[in-house]
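Tertiary structure, described
The primary structure of each chain is shown beneath.
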Number of protein chains: 2
Amino acid sequence: MTFSRSSLPSEVQKLIVAFSTLPGIGPKTAQRLAYFVLTQDKNEVANLATALKEVKENLDFCKTCCFITSNEDKTICKLCEDKDPILICVVESVIDAITIEASGIHKGGFHILHGAISPMAGIGPEQLKINELFNRLKRGGTKEVIIATNPTLEGEATAMYLTKTIKENYYDIKTTRLARGLASGTDLEYSDFNTLSNAFENRTSLDI
Amino acid sequence: MTFSRSSLPSEVQKLIVAFSTLPGIGPKTAQRLAYFVLTQDKNEVANLATALKEVKENLDFCKTCCFITSNEDKTICKLCEDKDPILICVVESVIDAITIEASGIHKGGFHILHGAISPMAGIGPEQLKINELFNRLKRGGTKEVIIATNPTLEGEATAMYLTKTIKENYYDIKTTRLARGLASGTDLEYSDFNTLSNAFENRTSLDI
């Protein structure tokens, strides 16, 4: 008999495959997690299984801003409360929205895309909450869309797509992008070419 | 209103906590996984939840060697098939047993401890499948126990504990430990002190 990993019970192999679908978890880590679960306390494993189920069953996206909200919460979501839709900040993820909201810098509304356009990963506009944004703009009342996607290839592609579509269809709405330049507290010496290039290009006049 | 991560629905917070119980997954990674699950395909999430449940419900440890085996498999486990219990190789994990078995080097039986003694992590002999090993030795027929725990602090502590207990209680059973020295294909220049020290101490005579 040749003995290998495939001699393991099918339950373990299924669990390894299921763990591998999570981001940043390769086959080796998935295997390690599966073996850990085998010896883990039964209640802790049950907690994880239940939490996974409940997140998909009890949660939904806010009909307005696409933030995560409880199914029972039929009214306005926590992030939309007391927000003026005149200014909408578009972010890639829930955590980005929380970061900006917690900073208190932005007083307007939010819109969460839940990702960024990435042709390499097969993510196009239709996989994101972009239509929901356009429907919102159609309802009127918005004067400016601040695009706060990440300063990455995917974030830039998303920003370009949004700007272009908004300009073509909602020409009275202004689109802006978060400024690019040197981050506070960093060392100019260690800044990469793109950052330096942006810092020069977007230099501001010193009005003293 | 102050807005923070705690403003998230309780379902998400529970999932973050549940993910954090897994090894190598800290609060930041747990959060990233939880947000990923929110946008992941419903079926894939259900697969993971089911796989977790089934691993705990349908699997058990082999009554002889403590390998993972299906509940339905009431007979002998795959790893115990055609094995002479005269020689038992003790390993820390299922994957160690698979590695040794697949190499074909060891023809005897196995015993899987499912961990190693680690007072720092609160793991003592009673948390491991050590009693199962002693019960097996009590039944007789074993001449030698090869201890193949990892060459780490925990693995060494486990090997010492096993050797001592076996010597005291089953004085006719020989205990051996896998040899320590230079690993094949490595560079002597980059070997650490312990490896070099072991290589000198366990040097073998060249009988030409």
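Because the structure is predicted, anything quoted here is derived from the model rather than measured. (Residues numbered from 1 in each chain as written. Chains lettered and ligands numbered in written order. Predicted model: local features only at pLDDT ≥ 70, side-chain atom pairs only at ≥ 80, totals over all residues.)

Examining the packing of helix α1 (residues 10-20) of chain B against helix α2 (residues 27-39) of chain B
Residue and element names in this part refer to chain B. Which entries qualify depends on this criterion: Axis definition: a line fitted to C-alpha atoms, over the contacting stretch in the case of helices. Angles run 0 to 180 degrees between N-to-C directions. Secondary structure elements follow DSSP: runs of H or I no shorter than four residues count as helices, runs of E no shorter than two count as strands, and numbering proceeds from the N terminus. Throughout, the term roughly parallel applies to angles under 35 degrees, roughly antiparallel to angles over 145, roughly perpendicular to angles from 65 to 115, and oblique to all others. For any pair of crossing helices, the crossing counts as left-handed if the nearer helix is rotated counterclockwise from the farther one by less than a right angle, and right-handed if it is rotated clockwise. A residue pair is marked as a contact if its C-beta atoms, positioned from the backbone, fall within 7 Å. Just so you know the grouping, Ala, Val, Leu, Ile, Met, Phe, Trp, Tyr, Cys and Pro go in nonpolar, Asp, Glu, Lys and Arg go in charged, and all remaining residues, Gly too, go in polar.
Where α1 contacts α2, the two axes come as close as 8 Å, and the packing angle between them is 130°. Here α1 lies oblique to α2, going by the angle between them. Crossing of α1 against α2: the hand is right-handed. Contact with α1, carried on its side by V12, L15, I16, F19 and S20, involves P27, A30, Q31, L33, A34 and V37 of α2 and no other residues of that element. When its residues are assigned to classes, the contact of α1 with α2 shows nine nonpolar, two polar and no charged.

A short note on the interface of chain B and chain A
Between chain B and chain A, the contact holds 50 residues from the first and 51 residues from the second. Contributions of two or more residues to the side of chain B that touches chain A are made by α1, α2, α3 (42-58), β2 (68-70) and α4 (94-103) of chain B. Counting residues per element, the side of chain B that touches chain A draws most heavily on α3(B), at 13 residues. Split by residue class, the side of chain B that touches chain A holds 27 nonpolar, eleven polar and twelve charged.

Focus on the relation of the copies chain B and chain A
Keep this limit in mind: Overlaid copies result from least-squares superposition on C-alpha atoms, with residues included only where pLDDT is at least 70 in both.
The two copies are related by a screw motion: chain B maps onto chain A through a turn of 180° and a shift of 0.0 Å along the axis, at an RMSD of 0.1 Å. Such values leave the two copies arranged in the relation of a two-fold axis. Taking C-alpha positions as the reference, the residue of chain B nearest the rotation axis is A49(B), at 2.2 Å. Comparing contact sets, 100% of the residues at the interface of chain B also lie at the interface in chain A, consistent with an isologous, same-surface contact.

A few points about the domain arrangement of chain A
Under the convention used in this document: Those domain boundaries reflect an automatic or database domain assignment.
Taken as a whole, chain A is organised into domain 1 (9-59) and domain 2 (68-177). A separation of 32 Å is found between the C-alpha centroids of domain 1 of chain A and domain 2 of chain A.

Quick look at the sheet that holds strand β3 (residues 87-91) of chain B
Residue and element names in this part refer to chain B. Put simply, the rule reads: Strands are labelled as partners when DSSP assigns at least two bridges between them.
Taken in spatial order, the four strands make up an open sheet running β4-β3-β5-β6, and their pairing is parallel. Here the strands that pair on one side only, and so sit at the sheet edges, are β4 (109-112) and β6 (174-177). Going from strand to strand, the sheet's axes swing by 25° on average, the running direction of each strand aside. Both β3 and strand β5 (residues 144-147) contribute to a ladder of four bridges, which runs parallel. When the sheet's bridge partners are listed, V90 is paired in β5 with I147. Sheet strands in contact with α4 are β3 and β4, and its direction is about 135° off that of β3. Running at roughly 165° to β6, helix α6 (residues 153-169) makes contact with β3, β5 and β6 of the sheet.

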